[in-house]
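# Structure assessment
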Amino acid sequence: GDSVTQMEGPVTLSEEAFLTINCTYTATGYPSLFWYVQYPGEGLQLLLKATKADDKGSNKGFEATYRKETTSFHLEKGSVQVSDSAVYFCALTTGTASKLTFGTGTRLQVTL
Amino acid sequence: DAGVTQSPTHLIKTRGQQVTLRCSPKSGHDTVSWYQQALGQGPQFIFQYYEEEERQRGNFPDRFSGHQFPNYSSELNVNALLLGDSALYLCASSLLGGNRNYNEQFFGPGTRLTVL
């Protein structure tokens, strides 16, 4: 079945540091890939997405590129802020409005 | 425009009891999915409803059941509660009807269920 593997956290960075959170996947067919963010006490928010190979999703300074050859979708940000502290989930789906399969999440803590 | 809403926010039950959680989708959406998020884990797909029928189901026992109403709102019912059912239950809505492209799932804030 489909699965998503994320690097374990927590990840602790100083403000303005570079962020990478690794994500790899296993899926049948051609999945769409997503990064969701969960702030404390809130539900999930879609951060960015990519629906086909070599697509780059981007939002709020975050980027991720759909790499079919390495089955990866790593999340990056050039300069993190304290307000980016949250839990980040990599996810995939293989159908129209179909179920999402999530990774276990990576907690990011950004300090001053 | 209200987003996805869920009620109640928190709930405490004891083992063996039954619980009903409710979800109202984002305006214009016709599909509701339910997820269980255990502490420190990613959300796990329970099932999805479209046109008042269960369209997809994840690996959850029959104790988990649902319903979708004509106004697209949905309920999740869990019978014979176990300690392991303690989790954050998330509802997500999307638009499926007539559209072949992927449609984003919008999540509600969740219902925190504690089983004692």
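Read on for a plain summary of the structure. (Residues numbered from 1 in each chain as written. Chains lettered and ligands numbered in written order. Predicted model: local features only at pLDDT ≥ 70, side-chain atom pairs only at ≥ 80, totals over all residues. Heavy atoms only, no water.)

## Let's talk about the overall build of chain B
Within chain B one finds zero helices and eleven strands. For 116 residues, the compact-globule estimate of 2.2 N^0.38 gives 13 Å, and the C-alpha radius of gyration of chain B, at 14 Å, lies within 12% of that figure. Oriented by its inertia axes, the alpha-carbon framework of chain B measures out at about 45 × 25 × 25 Å. Sequence separation of 24 or more characterises 55% of the internal contacts of chain B that already satisfy a separation of 6 or more. Taken together, the 9 basic and 10 acidic charged side chains of chain B have centroids lying 9 Å from each other. (Helix = DSSP H or I, 4+ residues; strand = E, 2+ residues; numbered from the N terminus. Rg over C-alpha atoms; globule rule 2.2 N^0.38 Å. Contact = heavy atoms within 4.5 Å. Lys, Arg positive; Asp, Glu negative; His and termini not counted. Charge placed at Lys NZ, Arg CZ, Asp CG, Glu CD.)

## Things to note about the overall build of chain A
The helix and strand tally for chain A stands at zero helices and twelve strands. Along the chain direction, N to C, the helices and strands of chain A fall in the order β-β-β-β-β-β-β-β-β-β-β-β. Its C-alpha atoms give chain A a radius of gyration of 13 Å, near enough to 13 Å, the size a compact globule of 112 residues would have. Its C-alpha atoms give chain A principal-axis dimensions of roughly 45 × 30 × 20 Å. Counting over 112 residues, chain A shows a buried share of 46%. Long-range contacts, defined as pairs at least 24 residues apart, comprise 56% of the intrachain contacts of chain A with a sequence gap of at least 6. (Buried < 20%, exposed > 50% of the residue type's maximum accessible area, 1.4 Å probe, protein only.)

## Re the nonpolar core
Counting 25 residues, the largest nonpolar core has Leu19, Trp35, Leu48, Phe73, Leu75 and Tyr88 of chain A as its most contacted members. Put simply, the parts of the chain that give this core at least two residues each are β2 (11–14), β3 (19–21), β4 (23–26), β5 (32–38), β6 (44–50), β8 (62–65), β10 (86–93) and β12 (106–111) of chain A. Top contributing element to this core by residue count: β10 of chain A, with four residues. The contact partners of phenylalanine 73 of chain A, leaving out residues within four places of it in the chain, are Cys23, Leu33, Phe34, Trp35, Leu48, Lys49, Ala50, Ala64, Thr65, Tyr66 and Cys90 of chain A. Within the second largest apolar cluster, 20 residues are counted, among which are Val4, Phe47, Cys91 and Leu113 of chain B. (Core = buried A, V, L, I, M, F, W, Y, C linked by side-chain atoms within 4.5 Å.)

## Looking at the state of the cysteines
The full count for this structure, using the stated rule, is two disulfides over all chains. Note on cysteine connectivity: cysteine 23 of chain A is disulfide-linked to cysteine 90 of chain A, with sulfurs 1.9 Å apart. With the S-S bond torsion at -70°, the cross-link from cysteine 23 of chain A to cysteine 90 of chain A turns out left-handed. On the criterion of sequence distance, the pair formed by cysteine 23 of chain A in strand β4 and cysteine 90 of chain A in strand β10 is long-range, its members being 67 residues apart. In this structure, cysteine 23 of chain A and cysteine 90 of chain A share a single accessibility class: buried. Each sulfur of the disulfide joining cysteine 23 of chain B and cysteine 91 of chain B lies 1.8 Å from the other. In this structure, the disulfide formed by cysteine 23 of chain B and cysteine 91 of chain B twists by about -55° around the S-S bond and is classed as left-handed. (Disulfide = S-S within 2.5 Å.)

## Comments concerning the packing of aromatic side chains
Applying the stated criterion across every chain yields a total of twelve aromatic pairs over all chains. When the ring of phenylalanine 34 of chain A is compared with that of tyrosine 36 of chain A, the centres are 6.2 Å apart and the planes differ by 45°; the resulting orientation is tilted. Just as phenylalanine 34 of chain A is buried, tyrosine 36 of chain A falls in that class too. Relative to phenylalanine 107 of chain B, the ring of phenylalanine 102 of chain A has its centre 6.2 Å away and its plane inclined at 75°; by these criteria the two rings are edge-to-face. Here phenylalanine 102 of chain A is found in strand β11 (residues 101–102), whereas its partner phenylalanine 107 of chain B is found in strand β10 (residues 106–107) on a different chain. Across the pair, exposure class does not vary: phenylalanine 102 of chain A and phenylalanine 107 of chain B are buried alike. Members of the aromatic cluster, joined through ring pairs, are Phe34, Tyr36, Phe89 and Phe102 of chain A together with Tyr35, Phe45 and Phe107 of chain B. Positioned above the aromatic ring of phenylalanine 106 of chain B, the side-chain terminus of lysine 26 of chain B is 5.1 Å from the ring centre. (Phe/Tyr/Trp six-rings, centres within 6.5 Å; stacked < 30°, edge-to-face > 60°. Lys NZ or Arg CZ within 6 Å of the ring centre and 35° of its normal.)

## Here we look at the sheet that holds strand β8 (residues 74–78) of chain B
Residues and elements named next belong to chain B. Taken together, the four strands give an open sheet; going across it, the order is β1-β3-β8-β7, and neighbouring strands pair in antiparallel fashion. The open sheet has two edge strands with one neighbour each: β1 (5–7) and β7 (64–68). Each strand axis lies, on average, 20° off the axis of its neighbour in the sheet, ignoring direction. As paired elements, β1 and strand β3 (residues 19–24) share three bridges and run antiparallel to each other. When the bridges of β3 are listed, glutamine 6 appears paired with cysteine 23. (Pairing = 2+ DSSP bridges. Axes fitted to C-alpha atoms, helices over the stretch in contact; angles between N-to-C directions.)

The values are spatial; any link to function lies outside them.
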